[in-house]
There are 2 protein chains.
Amino acid sequence: MSSNDDRTTAARIRDAAVGYVGEHGWDRTTSRQIAAEAGVPVGLVNYHFGSKDGLRQACDDWVIAQLAEDKGLILGAGPLPRMDTYIDDHPELRPITEYIAQCMRSGGQVAEHFFERMVELTRDMMALAADGGTFRRYDDPYAAAVILVAYGAGASLFGDTIARLLGGTNLLDTDTYNRYVRTTVEDYTHPLIIDERYLDALDTQDVPPAPAEGDFRKENQ
Amino acid sequence: MSSNDDRTTAARIRDAAVGYVGEHGWDRTTSRQIAAEAGVPVGLVNYHFGSKDGLRQACDDWVIAQLAEDKGLILGAGPLPRMDTYIDDHPELRPITEYIAQCMRSGGQVAEHFFERMVELTRDMMALAADGGTFRRYDDPYAAAVILVAYGAGASLFGDTIARLLGGTNLLDTDTYNRYVRTTVEDYTHPLIIDERYLDALDTQDVPPAPAEGDFRKENQ
DNA sequence: CAAAATGTTGAACATGAGTTCAAACGACGA
DNA sequence: TCGTCGTTTGAACTCATGTTCAACATTTTG
């Protein structure tokens, strides 16, 4: 065991797994890579966790426990890249956020759990902001929070692609970031749909065509 | 070889791969599973495509070619579940849309290509809708399209989770779907942020806190 | 201190997956 | 009919991976 490390061997293996999986995802991670990362022989992984699945379960449980413990973490792992400033102040949390990001891609209980926590938090914050007169109050606040979280997850998962199309290499580069935030805030401040009849139609009759991203039928021109 | 199938063997292997990968993803797909799906022995896969990577490249190229060929496909594979009606009318396209969905999770050139095409189409449709007076005209239409596509991708990737949190099992169930569409249209018709100072601040000084999903600092209460 | 329990090591094993290959098959032209 | 070339077949090979295990080391317990 290395000198300055008061973690137990099992904890070091778990941390190594979270870190490596955060970079490559579970499907591309082998027991030997995790063992090497932790500086232990392969056999120890199964001694402490029974199997690779056991290790995954332990990692999932631990990450979920961290989510419950540290309220800031769920913000730091959240969709808006600006939240990385929180992670910058708490670098020890970065592996967890990356692990969560991997889970959001491949699904599973961590993804579900994180999504749900994110929805709760978003709903509460929207309610607060509505109390303060900054946010609008939705007819269905919970559904609004769910959709907002899904949108944010999309922005987060495709952060690199967004940055590239916006002319940068990293969404946190100043120019790229400003362009992104400017449009995002504009998006949430001024309505995309200026023809109220779409919403009215939903309240009166059954589902009409809903104009939204990537699809629009010019019926009312 | 089965009787009524005028596809070449290579085409049948490719189609089998697209179909199987669409269900399970490349990481969880083996050459033997693809061969079994296509009803051919394993050796034929590498005879026709050189390697598993070669097959993947062929699948990617083919899917991208389909995207260029069939304009409706990019709508059918798009984020809004309502678009599945298009796929219902063209069931032969469903495997492609599911293949694309898998690629959106794991990244790669198909994901990038699809995202870009989606942005182009969204930008054009937003321009059309703006001409028709239905959509607002953005200061930065391209960035708006990029962000809208990312949002839509999030809604698409987390469709099952959204449905579950909205009380259903499938986003296309009438009740769940109505709740989803109602909130989505409301989202795009009425602004979330009703305090214009956030947007104003962006236009005058450097980046202020941007209130959005999952994060809000009560500064202006 | 002795013994037992716990932790650690590295090699060996079994399985599964990608790949290779020699032989068989079938269509087509000489 | 024969030979050739492009396919097809199924087995064998190689390597990586998850797992097991017997031996060794360390810590805890009586």
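Data block above holds the structure.
Keep in mind that this is a model prediction, so the values were computed, not measured.

**Student:** Any chance you could break down the protein's contact with DNA strand D for me, citing the residues and the numbers?
**Tutor:** Within the structure, DNA strand D sits among 16 residues, and Ser-31, Arg-32 and Lys-52 of chain A together with Thr-9 and Pro-41 of chain B are positioned closest to it. Expressed as a percentage, the sugar and phosphate content of the atoms of DNA strand D within 4 Å of the protein is 55%. Within the side chain of His-48 of chain B, one N or O atom sits 2.9 Å away from a phosphate oxygen of DNA strand D. For the surface near DNA strand D, the secondary structure elements donating two or more residues are α2 (31-38) and α3 (42-49) of chain A together with α3 (42-49) of chain B. If one sorts the elements of the surface near DNA strand D by residue count, α3 of chain B sits on top with four residues.

**Student:** Please provide a residue-by-residue account of the protein's contact with DNA strand C, values included.
**Tutor:** Not every one of the 16 residues close to DNA strand C is listed here, only the nearest: Thr-9 and Pro-41 of chain A together with Ser-31, Arg-32 and Lys-52 of chain B. Close to the protein, within 4 Å, the atoms of DNA strand C belong to sugar or phosphate groups at a rate of 55%. At 2.9 Å from a phosphate oxygen of DNA strand C is found a side-chain nitrogen or oxygen belonging to His-48 of chain A. The set of elements that each furnish at least two residues to the surface near DNA strand C consists of α3 of chain A together with α2 (31-38) and α3 of chain B.

**Student:** Go over the nonpolar core, please, and point to the residues and values.
**Tutor:** Among the nonpolar cores identified, the biggest contains 122 residues, and Phe-115 and Ile-162 of chain A together with Phe-115 and Ile-162 of chain B are the most heavily contacted of them. Residues within four places of Phe-115 of chain A in sequence aside, it is in contact with Met-104, Val-146, Val-149 and Ala-150 of chain A together with Phe-158, Thr-161, Ile-162 and Leu-165 of chain B.

**Student:** Can you break down the pattern of salt bridges residue by residue, with the values?
**Tutor:** In total, this model carries 26 salt bridges over all chains according to the counting rule given. A salt bridge links Asp-60 of chain A to Arg-56 of chain A, with the nearest nitrogen and oxygen atoms 3.9 Å apart. Residue Asp-60 of chain A and its partner Arg-56 of chain A are located together in helix α4 (residues 52-69), separated by four residues, close to a single helical turn. Classification of Asp-60 of chain A by relative accessible area gives buried; the value is 5%. We classify Arg-56 of chain A as partly exposed; its relative accessible area is 23%. Salt-bridge contacts for Asp-15 of chain B lead to Arg-7 of chain B; the nearest nitrogen and oxygen are separated by 2.7 Å. In this structure Asp-15 of chain B comes out as partly exposed when scored by relative accessible area, which is 22%. Arg-7 of chain B gets classed as partly exposed once you look at its relative accessible area, which sits at 35%. Because the salt bridges share partners, they merge into one network encompassing Arg-136 and Asp-139 of chain A together with Arg-182 and Glu-186 of chain B.

Here is what the cut-offs are and how they apply
Residues numbered from 1 in each chain as written. Chains lettered and ligands numbered in written order. Predicted model: local features only at pLDDT ≥ 70, side-chain atom pairs only at ≥ 80, totals over all residues. Heavy atoms only, no water. Near = heavy atom within 4 Å. Polar contact = N/O pair within 3.5 Å; in protein donor to acceptor, adjacent residues only side chain to side chain. Helix = DSSP H or I, 4+ residues; strand = E, 2+ residues; numbered from the N terminus. Core = buried A, V, L, I, M, F, W, Y, C linked by side-chain atoms within 4.5 Å. Buried < 20%, exposed > 50% of the residue type's maximum accessible area, 1.4 Å probe, protein only. Contact = heavy atoms within 4.5 Å. Salt bridge = Lys/Arg side-chain N within 4 Å of Asp/Glu carboxyl O.

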